[in-house]
Amino acid sequence: RCRSTIISPNNQEVWIRVDTIGSIRLAMQWEAGLSKVKHLEEFTTAAQSLSNSVEWKTAAKKKMSFIKVDATSDFSFHNLPYGIFSTPDNPKQNRIGVAIGDQILDLSVIKSLFRGPVMSRHQDVFDQPTLNAFMALGYEAWRETRRTLQVLLSANESTLRDDVSLRSRAFVHQSAATMHLPADIGDYTDFYSSRDHATNVGIMFRGKENALMPNWLRLPVGYHGRASSVIVSGTPIRRPSGQMRPDQTKPPVFGPSKQLDIELEMAFFVGGGNQLGEPIPIKKAHEHIFGMVLMNDWSARDIQAWEYVPLGPFLGKNFGTTISPWVVPMEALLPFAEANPIQDPEPLPYLQHHDAYTFNINLFVSLKGQDMAEAATICMSNFKYMYWTMKQQLTHHTVNGCNVRPGDLLASGTISGPDPESFGSMLELSCRGSKSIDLGRGETRTFLKDGDEVTITG
């Protein structure tokens, strides 16, 4: 039996104990008492989250990178998201970059510095115009690349820091870059995994007694969407037209949607895929999840209401889905993993996992009309409100043998919480258009008006 002790910055004792019988337990001695990880398979994730959280707490006390990063920046040394960018001097050449502070590190310029056992043989992926080839290399390649980046960008590493010529070629100011879709998205699946959202919408359309369909608590409900109209943040959306039936006593009419809505979502990119006929088991699912983006799944509610029976959304959704340009790797999010929600009834065995894979990500939606001086926040939610985890979504998606490929996009569905201010759609915020959403200074909405700008922040 051995005991190793780490003292965290606030003097909370953290220890790892290895028993002679081979079981491993992680315990944290907080003032409130002792908590133990009860399942062996939780150990790896818990230990990783623990070491990362200690790193985060101590980061403020020392300079992590030679790149100046403002304290309020979303792109800290601990984030390092991947994206695709171009510059005015070479607008037709899309390159892979990593964001830190207000800079983008061009990986095509420094590809020869990736000399680990995996990436030394695959440096050419950083010459590609999308992330697909890098995603396809798999879990160990992603981890090795992130470790290399953290070394190269650290304050005490001279390779980039002291090479003025290399730095001038390798770094681009974000304000000088145009961002593009991170990947060629072959397939797109949208889940429906927020219990609060599913309940709210179910009550509106079916009544309180039938809010959730019988299968909802048994499996991650989803539908296969289209990838052709997934667009990068900043791309304008044209108000869609289609069939609607506003008066149930009359035939449908055709015209522009009068109930254009937003959906607050997050999504993950599939990294390494699977062969047709070979499911991804839940114990391996994390090795196939490359990273996450923010998403707005625009929705025309009046078109959707008329068309969705029996096969689900079609024209009410497929006119546009916006994602953020930066893909945050899962390792950057592990410090924010929390215990999964209690699922009752217990899922079938293929969907069960005990390791924490629910993430505490604060989410905000703001809306700014053409005549508004500043945006108004209309929603404050959190990704931790999801009922089904990303591991469960990916596992269920492939359990029948469906193959997924690098660059496929799997979305969470609308993220709503238990309180009205956490509702992730205007459909919910306005109670299906029956009440106004106050934007301040006399501005109100039930649904979107032409010229409205929607911003999602995580």
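Attention here is on the structure that accompanies the text. (Residues numbered from 1 in each chain as written. Predicted model: local features only at pLDDT ≥ 70, side-chain atom pairs only at ≥ 80, totals over all residues. Heavy atoms only, no water.)

A few words now on the overall build of the protein chain. Each helix and strand in the protein chain was counted, giving ten helices and 28 strands. Residues classed as buried in the protein chain amount to 50% of the 458 residues present. Taking contacts inside the protein chain between residues at least 6 apart in sequence as the whole, the part at least 24 apart equals 67%. (Helix = DSSP H or I, 4+ residues; strand = E, 2+ residues; numbered from the N terminus. Buried < 20%, exposed > 50% of the residue type's maximum accessible area, 1.4 Å probe, protein only. Contact = heavy atoms within 4.5 Å.)

Moving on to the sheet that holds strand β6 (residues 90–100). Neighbouring strands of a sheet are bound in pairs by backbone hydrogen bonds; such pairs are parallel or else antiparallel. As summarised here, the arrangement of the five strands in space is β8-β7-β6-β5-β9, forming an open sheet in which the pairing is antiparallel. Edge positions in the sheet fall to β8 (171–173) and β9 (178–180), since each has one partner strand and no second. Each strand of the sheet is rotated relative to its neighbour by a mean of 45°, with strand direction disregarded. Relative to β8, strand β7 (residues 103–106) runs antiparallel, the two being bridged by three bridges. Counterpart to Ile104 in the pairing with β8 is Val172. Contacting β5 (82–87), β6, β7 and β8, helix α3 (residues 139–153) runs over the sheet at an angle of about 60° to β5. (Pairing = 2+ DSSP bridges. Axes fitted to C-alpha atoms, helices over the stretch in contact; angles between N-to-C directions.)

Quick look at unusual backbone geometry now. Across residues other than glycine, the phi torsion is negative in most instances, and most of the peptide bonds are trans. Val309 connects to Pro310 through a cis peptide bond whose omega is 10°. Along the polypeptide, Pro310 turns up in the loop between α7 (301–307) and β19 (321–323). With an omega dihedral of 10°, the bond running from Asp344 to Pro345 counts as a cis peptide bond. Relative to the assigned elements, Pro345 resides in the loop between β21 (337–338) and β22 (358–359). If you check the backbone angles, Cys431 has positive phi at about 50° while not being a glycine. Mapping Cys431 onto the fold places it in the loop between α10 (426–429) and β26 (437–440). Positive phi values are uncommon outside glycine, yet Arg432 reaches one of about 65°. Relative to the elements of secondary structure, Arg432 occurs in the loop between α10 and β26. Classification of Arg432 by relative accessible area gives partly exposed; the value is 42%.

So, about the pairing of β26. Here β26 shows a clear split, with Ile437 and Leu439 buried on one side and none of Asp438 and Gly440 buried on the other. Relative to strand β27 (residues 443–445), β26 is paired through three bridges, and the arrangement is antiparallel. Looking across to β27, one finds that Gly440 is bridged to Glu443. Counting the residues in the hairpin turn of β26 and β27 gives two residues, including Arg441, whose phi is positive at 55°.

Okay, the nonpolar core next. One finds Phe359, Ile378, Phe383, Met390 and Leu394 to be the most contacted residues of the largest nonpolar core, which totals 50 residues. Of all the elements, strand β16 (residues 264–270) adds the most residues to this core, at four residues. Apart from the residues lying within four places of it in its own chain, the contact partners of Phe359 are Met330, Leu333, Leu334, Phe336, Ala337, Asn382, Phe383, Lys384 and Met390. In terms of nonpolar packing, the next biggest core, distinct from the first, is built from 44 residues, Met64, Leu80, Phe134 and Leu149 among them. (Core = buried A, V, L, I, M, F, W, Y, C linked by side-chain atoms within 4.5 Å.)

Turning to the sheet that holds strand β24 (residues 376–382), a few remarks are in order. With antiparallel pairing, the three strands of this open sheet are ordered in space as β24-β23-β28. Whereas interior strands pair on both sides, the edge strands pair on one side only; in this sheet they are β24 and β28 (453–457). In this sheet, neighbouring strand axes are inclined to one another by 15° on average, regardless of whether the strands run parallel or antiparallel.

Attention now goes to the side chain of Ser416. Within the secondary structure, Ser416 sits in the loop between β25 (409–411) and α10. At 2.9 Å, the side chain of Ser416 and the backbone nitrogen of Gly424 are in polar contact. Here Ser416 is in contact with Ser194, Asp196, His197, Ser381, Tyr385, Ser422, Phe423, Gly424 and Glu428, once residues within four sequence places are set aside. (Polar contact = N/O pair within 3.5 Å; in protein donor to acceptor, adjacent residues only side chain to side chain.)

In this structure the tally under the stated criterion is 17 salt bridges. The salt bridge involving Arg95 is made with Asp106; its shortest N-O contact spans 3.1 Å. Taken as a pair, Arg95 in strand β6 and Asp106 in strand β7 lie far apart in primary sequence, eleven residues in all. Classification of Arg95 as buried rests on a relative accessible area of 11%. One salt bridge connects Asp297 with Lys317, and the closest N-O pair in it is separated by 3.8 Å. (Salt bridge = Lys/Arg side-chain N within 4 Å of Asp/Glu carboxyl O.)

Within helix α9 (residues 390–398), eight of the nine residues are buried, which leaves the element mostly enclosed by the surrounding structure. Listing the buried residues of α9 in full gives Met390, Lys391, Gln392, Gln393, Leu394, Thr395, His397 and Thr398. Of the surrounding secondary structure, the elements contacted by the buried residues of α9 are β10 (188–191), β16, β17 (289–296), α8 (330–333), β22 and β25.

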